[in-house]
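Residue strings, one per chain:
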Amino acid sequence: MSSESALRPQPAPKGAAVVVVGGGVTGLSAAWWLAQAGVDVLVLEKGIVGWEASGRNGGGATHAVSPLFREEQRLWPMMDELLGYPTEYQPYRIRVALNESQLAQHRRMTQLAVSQGFETELLDPKALRELVPLVGDTVAGGIFCRYGGHANPQRTVQAYAWALQDRGGRIVQHAAVHDITLRNGRAVSVETSQGSFGCEALVLAAGPQTALLAGRLGVEVPIAPARAEMIVTEPVPVMRHGGVDGGGLYGRQTLRGNLAYGGGPHEWLEAQDLQPRRAATSPVMRSLARRMRDLFPKAAHVRVIRSWAGIVENTPDGRPILDRLKNPENVVIATMSSVGFGLSPASGRAIAQLAVDGRCNFADLRQLDLARFAGLAADWRERRGWVPWSPSGADNLMVES
Amino acid sequence: MPGASAAAQGRGIDPTSIAGKRFATRPHVPLVVVGAGPAGLAAALEAARLGIATLLVDENPVGAGLMGMDVPWHFGGRMDASVQNSGRLIERVAESRPDLAAAYELGIDVQLGVAAWGAFANGPTSASYARPIIGLADERRSWLQTFDCLIVAAGARDVPVAFPGWDKPGVMGARAFHALVSEYRAFSGRRLVVLGGGVVGIQAALAARRASLEVAGVIEVDAAPRAPAALLEQLRAEGVQLHLGQSVRALRGKAEVEGVVLADGAELSCDTVVVAVDVAPTIELLDVLGCACRYRAELGGYVPVVDEDGRTTRPEVFAAGDCAGVTDAALADPQRAAGAGRRAALAAAAVLGMLAPEQAASRIATLPPASRAAPADREGPRQRWLAAALAAGGDELVVCQCEDVRVRDLVGIRPPRYLKYAEAAFAGRNLHALAVDGPINQDQIKRLTRAGMGQCQGRRCRDQVQSLLAAHSNVSPGDIPLASYRAPVRPLPLGVLADRDEGPEMRDNWSAWFGIAAQWQPHWEKPSDDPAQILAPHYHLAEK
């Protein structure tokens, strides 16, 4: 194909057997699994693939609380090979405890993985310092998890996108969905800024926009969007294991050597605010820097070169909704409730099965159904305080003397 | 801890959210001016004369550590040892700007060696600021400063141009050269070659001669000179030769610059190459604040959208001087920037209620009008320099020094070399193919190739990456969306950026992720529906 003809988009057939709305990590993984299975699949993305929180997160793949945990752990070591593109996946996770209380918390949480057959190893301060030379002299210890891991979110979303194209799947970017057409109790087409796309089955994996789209089907999906942010430093010498966190932070050292960490206050947003060029970062980055300095005292001189923010959605219990609806019965709702990246190999496979077979054969998803929120109060966000907050007067400022 | 207690009483505040958090700030000032060059100084003086309490910050002198990282300009390692003495450098900067004395006399709070690294205000994805905030820092610590109005007079930045060997010490930018020679008096080179026969290049050569440095030649890619006749006459008077229709084929020297080989094979020996093809507006803070920016080729690149008085799309934020657009007329005459600064200050005075709008307008009307001179073509020369570089360096030309990204990596959207990947999988992956899926976005390419991800924060590569992306997707540079700027727009050590005055609201409610108890309960446990559970200490709370 000459570059000349490559630049002129060919008229593509509109629609597909399965249309996935949302080119984030969850939707792309679902579409890739469908394409792998030979299903005619099309992804509609309002902007660029992986542009929002899917490409802007801590890259962690260690979620022992999830019913998809085993599949997450099984799949990640194979993903580079399965996708054919590098994800920068690295195995293992080290939890650093700055004090005994944090160590107790790490023990309690890692026990969840141990109870599922995974192994951990307690690290005394000396052993921890050998593995993580950036920690300080007063560190309490750590736990080495022989499970979990981390990958590069940006590279991974692109890997899903390319892999699905390699298998015949299609992606239409810059197609904003404004409606879904129902006929005889089924979603039959998706109406976008680039026209109408017919479908036999529909997956809504549009992150914070999922509620608005489900609303077009008369289905209420209770999610609240929020902004969260991270900072990243210049590269420092690469440690043996980059998946190191603790001290109130999540994150990793990249294979390049950058330290990328997040945590701290999030900001709840209105759903209609969700079309910004990018999400803003805030002075919270100074509290992040403070905790990074405390976690890695030997890196206090290392320079922060960037920050970024992403917008994620949460359900009322903070757990995913992965559900094939009863009505319309050819629609799958998929939100990972702010913990989507690491679980994406497994969530995509589950969603693909829900879309094709109506059930998932490797994990029990019953508790992730939408029906659990049936009795939810209409003002649940207000009750939880999951709504935008503005200071009155100057009351969020402490004036230094 | 108002947030936590309110939530405990069921009044609906999420204690782990931004609600109720407080930021430590320095005592409020109505007006902050960033940059004490001609525009910023004139703005601050005008404001102070109107009785507006004004804080004027300027990052000069830049710390030696940042200079070594080529931040904020491309210093190319040509600083002498005196840059280690920041006290002496502050004196030299003050001496180089005589108007600063007037600022001190008027009671303006002038802070030199203080960089603005971020700015925060309510916008589409944040509503939590009682007042707009600017983040400031010196070499030891950072702090936050609230303001009512902000005038950004951040000047211009270097526009690097790649050529074979441009990553060697001794290759530097025109703006960095100006700082080292004319302000810091800390330039370590002796004999230089200047790239660029426009106003920027000729001015660099003349500044070098004034400092008694040797200028081995001025190189211009175009066949005709781009500078006004008067400047060219001065150059001739200094005996400096202008090499027209030339570019750099190769660099001589192993560890450092020892000379250049021109396209025609001629060799010029030198210890420094000053890349002075052009400069571009410094818009970092404006973009971070969410002020709309547009590509204006005739103004040197992306510039803030402003009205005649420098008002941006945020009513409390103004841009004045080179950061609002670079023109040859303004580069040649600092009085134009000063006029822009005064206009912005008068308009800001109206916003601050210190002048009635009609008073401000009538005073602005007495000032010389904004430049109407026909702007020069700034894009063409840059493109022709890049084309010459590609002709000389080909696919192996380094585009991004920090991340060692070459032209072939950028065009082929290849992962960095430290990753293992199957070359065959990437056979059909390149900018042309990616453009089929939608317009090329520089931030996306940055994530894939790492071009622009390095410690210089993309300063040495963003313009040429933008040009290359445009060329390879058959669009003009202005069709490539602005690669976003993110705070901190100056690299700050963790220990400097760290908030040393963090309040108890932040500390006591810190959670690594949303403080939703059921999110961290194992899936085999039924989620608790007790709202108080949100407050329960759990794994992700970093207990002290």
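In the block above lies the structure referred to throughout.
What this report covers is the structure whose coordinates are included nearby. (Residues numbered from 1 in each chain as written. Chains lettered and ligands numbered in written order. Predicted model: local features only at pLDDT ≥ 70, side-chain atom pairs only at ≥ 80, totals over all residues. Heavy atoms only, no water.)

### Comments concerning the overall build of chain A
Okay, step 1: Helix and strand content of chain A: 11 helices and 18 strands.
Okay, step 2: What you see for chain A is a C-alpha radius of gyration of 22 Å, in line with the 21 Å of a compact globule of 401 residues.
Okay, step 3: For the C-alpha atoms alone, the extent of chain A along its principal axes is close to 65 × 55 × 50 Å.
Okay, step 4: Every one of the 401 residues in chain A was classed for burial, and the buried ones make up 66%.
Okay, step 5: Summed over all atoms, the accessible surface of chain A reaches about 14100 Å², with 50% contributed by carbon and sulfur.
Okay, step 6: In chain A, which carries 42 positive and 38 negative side-chain charges, the distance between the mean positions of the two groups comes to 3 Å. (Helix = DSSP H or I, 4+ residues; strand = E, 2+ residues; numbered from the N terminus. Rg over C-alpha atoms; globule rule 2.2 N^0.38 Å. Buried < 20%, exposed > 50% of the residue type's maximum accessible area, 1.4 Å probe, protein only. Areas by Shrake-Rupley, 256 points an atom, 1.4 Å probe, with all protein chains shown as cover. Lys, Arg positive; Asp, Glu negative; His and termini not counted. Charge placed at Lys NZ, Arg CZ, Asp CG, Glu CD.)

### Here we look at the side chain of Ser82 of chain B
All names here are of chain B.
Okay, step 1: In this structure, Ser82 sits in the loop between α3 (64–68) and α4 (86–96).
Okay, step 2: Ser82 sits in the buried class, given a relative accessible area of 10%.
Okay, step 3: A polar side-chain atom of Ser82 sits 2.6 Å from a polar atom in the side chain of Asp80.
Okay, step 4: If sequence neighbours within four positions are ignored, Ser82 has contacts with Arg88, Leu89, Arg92, Arg185 and Ala186. (Polar contact = N/O pair within 3.5 Å; in protein donor to acceptor, adjacent residues only side chain to side chain. Contact = heavy atoms within 4.5 Å.)

### Examining the interface of chain B and chain A
By a widely used convention, the size of an interface equals the accessible area lost when the partners come together.
Okay, step 1: Each partner contributes residues to the interface: chain B has 112 residues there, and chain A has 114 residues.
Okay, step 2: Summing both partners gives a buried area of about 10100 Å² for chain B against chain A, and 56% of it is carried by carbon and sulfur.
Okay, step 3: If you look at where chain B meets chain A, you find 5 salt bridges.
Okay, step 4: A salt bridge links Asp166 of chain A to Arg429 of chain B; its shortest N-O distance comes to 2.8 Å. (Buried area = accessible area lost by both parts, 1.4 Å probe. Salt bridge = Lys/Arg side-chain N within 4 Å of Asp/Glu carboxyl O.)

### Some points on the pairing of strand β17 (residues 331–335) of chain A
All names here are of chain A.
Okay, step 1: With 5 of 5 residues buried, β17 is to be regarded as a mostly interior element.
Okay, step 2: On β17, burial covers both faces: Val331, Ile333 and Thr335 on one face and Val332 and Ala334 on the other are all buried.
Okay, step 3: Here strand β9 (residues 195–204) pairs with β17 via 3 bridges, running parallel. Residue Leu204 lies in a different strand from β17, and its bridge partner there is Ile333.
Okay, step 4: Pairing of strand β16 (residues 321–324) with β17, which is carried by 4 bridges, proceeds in the antiparallel orientation. When the sheet's bridge partners are listed, Leu322 is paired in β17 with Ala334. (Pairing = 2+ DSSP bridges.)

### Examining the pairing of strand β10 (residues 224–233) of chain A
Remember that side chains alternate between the two faces of the sheet whenever the strand is regular.
All names here are of chain A.
Okay, step 1: The element β10 is largely enclosed, with a buried count of 10 among its 10 residues.
Okay, step 2: Sheet analysis places β10 next to strand β15 (residues 303–314), joined by 10 bridges and oriented antiparallel. Across the sheet, residue Ala228 finds its bridge partner in β15, namely Gly310.
Okay, step 3: Relative to strand β14 (residues 267–268), β10 runs antiparallel, the two sharing 2 bridges. From the neighbouring strand, Ala226 faces β14, where its bridge partner is Trp268.
Okay, step 4: Where β10 lies against strand β13 (residues 259–262), 3 bridges are found, and the strand directions are antiparallel. Directly across from Val232, in β13, lies its bridge partner Ala260.

### What about the sheet that holds strand β10 (residues 214–220) of chain B?
Residue and element names in this part refer to chain B.
Okay, step 1: Here we have 5 strands laid out as an open sheet, ordered β8-β15-β9-β10-β11, and parallel in their pairing. The open sheet terminates on both sides in strands that have one partner only, identified here as β8 (171–173) and β11 (242–244). Each strand of the sheet is rotated relative to its neighbour by a mean of 25°, with strand direction disregarded.
Okay, step 2: Inspection of the sheet shows strand β9 (residues 191–195) paired to strand β15 (residues 272–275) by 4 bridges, in the parallel sense. If you follow Leu195 over to β15, its bridge partner there is Val275. (Axes fitted to C-alpha atoms, helices over the stretch in contact; angles between N-to-C directions.)

### Notes on the sheet that holds strand β14 (residues 267–269) of chain B
Residues and elements named next belong to chain B.
Okay, step 1: Read across the open sheet, the 3 strands follow the order β12-β13-β14; overall the sheet is antiparallel. The strands lining the two open edges of the sheet, one partner per strand, are β12 (248–252) and β14. Averaged over all pairs of adjacent strands, the angle between their axes in this sheet comes to 20°, without regard to strand direction.
Okay, step 2: Note that β12 and strand β13 (residues 259–262) share 4 bridges and pair antiparallel. Bridged to Arg252 within β13 is Gly259.

### Side note on the packing of helix α6 (residues 174–183) of chain B against helix α7 (residues 199–210) of chain B
The description of two helices packed together rests on the angle between their axes and the distance between the axes.
All names here are of chain B.
Okay, step 1: Following both chains from N to C, one finds α6 and α7 inclined at 20°, their axes separated by 10 Å at the closest point. Overall, the two elements α6 and α7 adopt an arrangement that is roughly parallel. Considering only the axes of α6 and α7, their crossing is left-handed. Residue-level contacts link Ala174, Phe177, Val181 and Ser182 of α6 to Val200, Ala204, Ala207 and Ala208 of α7.
Okay, step 2: The class makeup of the residues in the contact of α6 with α7 is 7 nonpolar, 1 polar and no charged. (Parallel < 35°, antiparallel > 145°, perpendicular 65-115°, else oblique. Left-handed = near helix turned anticlockwise from the far one by under 90°. Nonpolar A, V, L, I, M, F, W, Y, C, P; charged D, E, K, R; others polar.)

### Some thoughts on helix α16 (residues 442–449) of chain B
Okay, step 1: Counting buried positions along α16 of chain B yields 8 of 8 residues, so the element is predominantly enclosed.
Okay, step 2: Residues Gln442, Asp443, Gln444, Ile445, Lys446, Arg447, Leu448 and Thr449 of chain B constitute the buried set of α16 of chain B.
Okay, step 3: Elements in contact with the buried residues of α16 of chain B: α7 (153–166) of chain A together with β21 (405–406), α14 (407–411), α15 (431–436) and α17 (462–472) of chain B.
Okay, step 4: For α16 of chain B, the N-terminal cap is Asn441 of chain B; the gap from its side-chain oxygen to the backbone nitrogen of Asp443 of chain B is 2.8 Å.
Okay, step 5: Following α16 of chain B by one or two positions, Arg450 of chain B adopts a phi angle in the positive range, close to 75°.

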